[in-house]
Amino acid sequence: MILRRGARWLDDRLGAASVARTSLAKVFPDHWSFMLGEIALYCFVTLVLTGVFLTFFFEPGTNDVVYHGAYAPLDGARVSAAYASSVRLSFDVRTGLLMRQVHHWAALLMLAALVVHVCRIFFTGAFRRPREVNWLVGVTLLALSLFNGFSGYSLPDDLLSGVGLRIAYSIALSVPVAGSWLAFLIFGGEFPADQIIHRLFVVHILLVPGLLVGLLTAHIGILVRQKHSQFPGPGRTEHNVVGSKLWPTYATRSVALFCAILAVLFALGGLVQINPIWLYGPFDPAQVSSPAQPDWYIGWVEGALRMYPPWEFRLFGRLVPNPFVPAVLVPAGTFGLLYLWPFLEQRLTRDRNAHQLLDRPRDHPVRCAAGAGTFAFYGLLLATASNDVIARLTRVPVAALTWAGRVILLVGPPVAAAATYVVVRALRDSGAEGVLQVSFAQLVAAVRATVRRRRPGRGARGRGRRRQPAMIAGGSEDR
Amino acid sequence: MTRPAADGHDAGVPAGPRPGAPEGEAGRPVRVRPPRPERRIAAAFALTAAAAVGFAAVYWTGGQTQLEGVLLAVAFAGLAFGLGAWSARLMPQGPFVEEHEPFGSSRRQRAAFAAEFEEDLQAISRRRFLGRALALAVGTLGAALLFPLRSLGPRPGRALYQTPWQGGAPAVTADGRPVRAADLAVGSVLTVFPRGHLEDGDAAALLVRVDPGALRPPAERAGWSPHGLVAHSKLCTHAGCPVGLYEQGSNLLFCPCHQSVFDLLDGARPISGPAARPLPQLPLEITPEGYVRASGDFEGPVGPGFWSRPS
Amino acid sequence: MPQPPTRQPRPGARAGRLRPLWLVAAAVAAGALVQLGAAGHAATVQPAQAGGRGQLLYQQNCATCHGQRGQGTERGPSLIGVGAASADFYLSTGRMPLTEEEPNPERTKPAFGQADIDALVAYVASLDGGPRIPAVAPAAGRLAEGEQLYQENCAACHSATGTGGALTSGQTAPSLAQATPVQVAEAIRVGPGAMPKFPPQALNDPQVDSVAAYVGHLQDSGDRGGYGLGRIGPVTEGLVAWVVGLGLLILIVRRLGKDVP
């Protein structure tokens, strides 16, 4: 009764009834892999909610204060206000440590979910026309989330993250021509400048979240406008969407997912310790702890810095320092490639049609191979970032691990790409149910077919002409 | 327009067993799920309420991180289960179909939009000169508004080329105590700073006493390490991390960030890892009273490389 | 440790040959008592005796590598002048005797009981002196000072969390999880293996007390945030986020959504 009167009250003022009807009746497909983006979204919401709690206690200052609180080894110590307030949050504020840990776990999980979501979009070809715009928005969301994670864990001014900031400063310094200006302007002077924690704080709680909210709204808005893509199947065409209605089914399912994410995050936040800054100690520019790694989503840059050989060169008599290639060019190239991919693929496949139906990954072995090779490359970079931890546990010399890492980085991704191509091709050609059902003979046949196509006279053209974009899906006979 | 799919699934009761449901006798599929999910859903919500009360109680009595986390996790898990089951069992399942028109507006609409837009644009596009003047104004203003970015920091100037170390600067430890040569035995290491500059980020130096006979300094730095006391900048020449690990015996310096290794006996030359330049050395002298002090600044800019760094 | 008896020997048949030895023993025992003070864990050193148990154990277990008189061979360094502190450190952490050849052995179960260790230590100490076993009083140390000194001097190799770290060539700075206060102090003074040494002028005794207290705190303080994951840091945290966190969530999402298109 109240609801009906309330709805009428609103409609008298906003005239929203018909819009509400269409919106609530929108259809979303049910496949579970379409919910991966929602995991990231709800992790973001959790980050905002726990983040607000944290901002009520955190002081983003590098000025010295004396910590007085329950953590005995630091009681009476002169540390920065940022560090003292973080320790206070962890020891002297009720549920403070829980909120801090949930916040940090949510950041790790959000980026993991984002990566898996991007993989789903990539391997099913969901970025194809008309969704290139949403892909661009999404890649920007990924970059911004990555940056916000880095800025967030650097805020407590502890020894581990402070060393990470020093590395970031050196990376800025390594940019040719403008490097020293860039570093001095961003940090506010020579390292360790007083300004950086405060600036990161503003960026972390205001600028980037604002951009994230705006871009997320665009991302979801475009999705709603274009309708969600769907896998081929009975009744599914290029001109419809089949699934559950937004209200009440899909909305309830989505809220259930949000609650499940909160459950996992609170379980992790309460039961598994993360980032014990009181053990790392306050940042001091003359101190360091070993091992020293960033959070996992920055690990690929760290791995690049460790694996890149000691090459420096001079350009016009000026120095291009070592970190420039692994820490500036590689990330720039990574995101450049990510942004360009839909257009690159359009050019390579000559497929400029609009698609509502998704590819099953097996439909496109080349794309799978490219994706697998790239994933292997960045995964290996991440793995090599922990070479000193592996060295300590296995007592293999670090230098040997570094050399092994370099070799694996060069050899691994092409091998992964080739192997993926063969397996996916075999999967497609044989019509088997899943990867495990592919027989060895079918694999060999796929290898033969690949090799045959490589002969002169049968180049890339053959590949392009073969592709028939699916117009009407009639089920599995369309392969 | 949304409509139920042609195979006519209706709201509420799922029309048959899920794929893969076990079969009972005589091949008839057995419904494994309880016929009244409401009880389970209600139980889940009750669990949520109980856990929430538990959390409030734990908080009230002083709080405990693990209990708080587990209770909230259970509370949200109950909600998740209840809502998930509700949406899967008691809400319209569909599948529903929503048709949509192709993306991109019709040709007529596009033409109409283009025509109208062109017409409205005439007011601006016909006045070429004014348009250019506007572009000049906005461009210049935009460029000018970038100038306040300069206020973000000081000019680099000579800051990267020099440190607070200079001739006569006494070496002190992190708590300000002056260092005597006798404080270090062979195989000892201390982090030292110039007096009065304990907070400077580029001032830290590693002071190590090695066996004087083992040192192999280049000719121009022969007198820089009296009695085997040798000092190098602590900042790694790769990415600036403090090179905190000194290995006695092999006399190697190991940077924990990216695993660069420097040979202390050979002018801290990098022998492994991504560092490409040796750690700059600090010339030392010992006063008549036995205190250690610098006789000049480091022999080059400390820390990571930058564009205008001299070789 | 049983003190040698200090009662006066009965005049008579026994007294003649053994009296000088008893006097020496009494003098050394008195000196040892003075040294004990409030030193807590400081081990009592058995008076060195030619032909005593210490020398016997040494000949049986150490002489092959360290030489008959401790002068060293190509397999093991000289022990002359290394002192009780060094011997006690290596023996009580089980690093010596070596079970296999390696430049930097890891901590393991000691091969000898405490009495035998004391005897061996006394024997090594008799080889031309060297640093004594330090007298440590962690209770007298200040945690805050210990934390600061640890961060300045120890964290780079042993990790700020005390879990240890990698060095070059497969060596490691070991975990401090099992280090006793005496072993901490001994290591600081002796600089075993690749570890640098810190003489009293660099770290005085009250500072060593503080460092030992802080190491003890690292061992005893539980992990307030839950399971510590070995206190290794972002590497293990990232693994847990992917395997446990994302793994659970993908299972949940598969349950909530449908598997067929």
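The rules behind each value
- Residues numbered from 1 in each chain as written.
- Chains lettered and ligands numbered in written order.
- Predicted model: local features only at pLDDT ≥ 70, side-chain atom pairs only at ≥ 80, totals over all residues.
- Heavy atoms only, no water.
- Helix = DSSP H or I, 4+ residues; strand = E, 2+ residues; numbered from the N terminus.
- Buried < 20%, exposed > 50% of the residue type's maximum accessible area, 1.4 Å probe, protein only.
- Contact = heavy atoms within 4.5 Å.
- Areas by Shrake-Rupley, 256 points an atom, 1.4 Å probe, with all protein chains shown as cover.
- Buried area = accessible area lost by both parts, 1.4 Å probe.
- Salt bridge = Lys/Arg side-chain N within 4 Å of Asp/Glu carboxyl O.
- Polar contact = N/O pair within 3.5 Å; in protein donor to acceptor, adjacent residues only side chain to side chain.
- Disulfide = S-S within 2.5 Å.
- Pairing = 2+ DSSP bridges.
- pLDDT = per-residue confidence, 0-100.
- Domains from an automatic or database assignment.
- Nonpolar A, V, L, I, M, F, W, Y, C, P; charged D, E, K, R; others polar.
- Axes fitted to C-alpha atoms, helices over the stretch in contact; angles between N-to-C directions.
- Expected span 1.5 Å × (residues − 1).
- Bend = angle between axes of the 7 residues up to and from the residue.
- Phe/Tyr/Trp six-rings, centres within 6.5 Å; stacked < 30°, edge-to-face > 60°.

Caption draft 1: Expanded view of the overall build of chain B. Helix and strand counts for chain B stand at 4 helices and 13 strands. Put simply, chain B has 311 residues, and 42% of those count as buried. Of the contacts formed within chain B by residues at least 6 apart in sequence, a portion of 54% connects residues at least 24 apart. As displayed, chain B has an accessible area near 16,500 Å², and 60% of this comes from carbon and sulfur atoms.

Caption draft 2: Structural context of the overall build of chain C. A count of helices and strands for chain C gives 10 helices and 2 strands. Listing every helix and strand of chain C by position from the N terminus yields α-α-α-α-α-α-α-β-β-α-α-α. Expressed as a percentage of its 261 residues, the buried residues of chain C come to 47%. Here the analysis covers contacts within chain C between residues at least 6 apart in sequence; of these, 60% occur between residues at least 24 apart. On chain C, roughly 13,100 Å² of surface is accessible, and the fraction owed to carbon and sulfur atoms is 58%.

Caption draft 3: The arrangement of the interface of chain B and chain A in detail. Chain B puts 72 residues into the contact, and the matching count from chain A is 82 residues. The junction of chain B with chain A conceals about 6,300 Å² of combined surface from both sides, 67% of it contributed by carbon and sulfur atoms. For the interface between chain B and chain A, the tally reads 2 salt bridges. The partner of A:Glu312 in a salt bridge is B:Arg277, with the nearest N and O atoms 2.9 Å apart. Across the contact surface, chain B and chain A share 21 residue pairs in polar contact (both at pLDDT 80 or more).

Caption draft 4: Inspection of the pattern of salt bridges at higher detail. Per the counting criterion, the structure on display carries 23 salt bridges over all chains. Of the charged contacts, one joins C:Arg189 and C:Asp205 as a salt bridge, the two residues approaching to 3.0 Å between their closest N and O atoms. Taken together, the residues span a long stretch of sequence, with C:Arg189 in helix α8 (residues 181-190) and C:Asp205 in helix α9 (residues 205-220) at a distance of 16 residues. Its salt-bridge partner being C:Arg231, residue C:Asp223 comes within 2.9 Å of it at the nearest N-O pair. The class for C:Asp223 is partly exposed, based on a relative accessible area of 23%. Exposure remark for C:Arg231: the relative accessible area of 12% places this residue in the buried category. Residues joined in a network through salt bridges with shared partners are A:Arg128, A:Glu345, A:Asp359 and A:Arg367.

Caption draft 5: Expanded view of the interface of chain C and chain A. Contacts between chain C and chain A engage 57 residues on the former and 65 residues on the latter. When the two sides are added together, the surface that chain C and chain A hide from each other amounts to roughly 5,000 Å², 66% of it contributed by carbon and sulfur. Taken together, the links from chain C to chain A amount to 2 salt bridges. Ionic pairing is found between A:Asp30 and C:Lys258, a salt bridge with its closest N-O pair at 3.8 Å. Linking chain C with chain A are 20 residue pairs in polar contact (both at pLDDT 80 or more).

Caption draft 6: Up close: the state of the cysteines. Evaluation of the coordinates by the stated rule reveals 1 disulfide over all chains. Through a disulfide, B:Cys241 is tied to B:Cys257; the S-S separation comes to 2.1 Å. Handedness here is read from the sign of the S-S torsion; for B:Cys241 and B:Cys257, about -95°, the answer is left-handed. With B:Cys241 in the loop between β6 (229-233) and β7 (245-247) and B:Cys257 in the loop between β8 (252-254) and β9 (261-263), this residue pair connects regions lying 16 residues apart in the sequence. Considered together, B:Cys241 and B:Cys257 belong to a single accessibility category, that of buried residues. Between A:Cys43, a free cysteine, and A:Cys259, which holds the nearest cysteine sulfur, the sulfur-to-sulfur gap is 13 Å.

Caption draft 7: Representation of the sheet that holds strand β3 (residues 171-172) of chain B within the structure. All names here are of chain B. Taken in spatial order, the 5 strands make up an open sheet running β3-β4-β5-β6-β11, and their pairing is antiparallel. One side of each edge strand has no neighbouring strand; the edge strands of this open sheet are β3 and β11 (281-282). In terms of strand pairing, strand β4 (residues 189-194) meets strand β5 (residues 205-209) through 4 bridges, oriented antiparallel. Paired with Leu190 across the two strands is Leu207, which belongs to β5.

Caption draft 8: Structural context of unusual backbone geometry. Of note, the amide linkage connecting A:Trp247 to A:Pro248 takes the cis form, showing an omega dihedral of 0°. When you line up the elements, A:Pro248 lands in helix α10 (residues 246-271). Cis peptide bonds are those with omega within 30 degrees of zero, and the linkage from C:Met96 to C:Pro97 qualifies with 0°. Looking at where C:Pro97 falls in the secondary structure, it is placed in the loop between α4 (83-92) and α5 (114-126). The phi torsion at A:Phe316 lies on the positive side, around 50°, for a residue other than glycine. Note on placement: A:Phe316 falls in the loop between β5 (313-315) and β6 (318-320).

Caption draft 9: Quick peek at the confidence of the model for chain C. Residue and element names in this part refer to chain C. On average, residues of chain C score 84 in pLDDT, and 80% of them are at 70 or above. Segment residues 1-16: pLDDT under 50, and 10 contacts once partners within four positions in sequence are set aside and those in other chains are kept. Across residues 37-48, where pLDDT falls below 50, the model places 18 contacts with residues more than four positions away in sequence or in other chains.

Caption draft 10: Highlighting the domain arrangement of chain C. Residues and elements named next belong to chain C. Along its sequence, chain C is organised into domain 1 (51-131) and domain 2 (134-237). Relative placement of domain 1 and domain 2: their C-alpha centres are 24 Å apart. Opposite the 11 residues of domain 1 that make contact, domain 2 presents 14 residues. Summing the contributions of domain 1 and of domain 2, the shared interface buries around 1,000 Å²; its carbon and sulfur component is 53%. For the domain 1 face of the interface with domain 2, the top three residues by lost area are Phe89, Asn104 and Arg107, together amounting to 51%. There are 0 salt bridges connecting domain 1 and domain 2. Scanning the region where domain 1 abuts domain 2 turns up 5 residue pairs in polar contact (both at pLDDT 80 or more). Looking at the side of domain 1 that touches domain 2, its residues break down into 3 nonpolar, 4 polar and 4 charged.

Caption draft 11: A look at the sheet that holds β8(B). Residues and elements named next belong to chain B. Across the sheet, 4 strands lie side by side as β7-β8-β9-β10; this open sheet has antiparallel pairing. In the strand order of this sheet, the two ends are held by β7 and β10 (269-272), each with one partner. The sheet shows a mean angle of 30° between the axes of neighbouring strands, taken without regard to direction. Relative to β10, β9 is paired through 3 bridges, and the arrangement is antiparallel. If you follow Phe262 over to β10, its bridge partner there is Pro270.

Caption draft 12: Local environment of helix α16 (residues 398-430) of chain A. Residue and element names in this part refer to chain A. Its 33 residues place the ends of α16 45 Å apart at the C-alpha level, agreeing with the 48 Å of an ideal helix rising 1.5 Å per residue. Taken as a whole, α16 carries its principal kink of about 30° at Ile408. Of the residues one or two after α16, Gly431 is the one with positive phi, at around 70°.

Caption draft 13: Summary view of the packing of aromatic side chains. All told, the structure shown has 29 aromatic pairs over all chains when counted by the stated rule. Ring geometry for A:Phe266 against B:Phe76: centres 5.7 Å apart, planes inclined by 10°, an arrangement best described as stacked. Of this pair, A:Phe266 sits in helix α10 while B:Phe76 sits in helix α2 (residues 65-89), each in a different chain. Judged by its relative accessible area of 6%, A:Phe266 falls in the buried class. Relative to B:Phe306, the ring of B:Tyr161 lies with its centre 5.4 Å away and its plane at 85°, an arrangement referred to as edge-to-face. Of this pair, B:Tyr161 sits in the loop between α4 (128-145) and β3 while B:Phe306 sits in the segment after β13 (292-294); the two residues are 145 residues apart in sequence, bridging distant segments of the chain.

Caption draft 14: Structural view of the environment of B:Ala143. Residue and element names in this part refer to chain B. Mapped onto the elements of the fold, Ala143 is located in helix α4. Taking the relative accessible area as the measure of exposure, Ala143 reaches 40% and is therefore partly exposed. Sequence separation between Ala143 and Ala114 is 29 residues; the distance between their C-alpha atoms is 33 Å.

Caption draft 15: Representation of the confidence of the model for chain B. Residue and element names in this part refer to chain B. Taken as a whole, chain B shows an average pLDDT of 87; of its residues, 88% reach a score of 70 or greater. Considering each helix and strand of chain B separately, the mean pLDDT is smallest for strand β1 (residues 2-4), with a value of 54, and largest for β9, with 97. Predicted confidence for residues 6-18 stays below pLDDT 50, and this span has 10 contacts to residues more than four positions away or in other chains. The low-confidence segment residues 20-25, where pLDDT is below 50, has 9 contacts with residues more than four positions distant or belonging to other chains.

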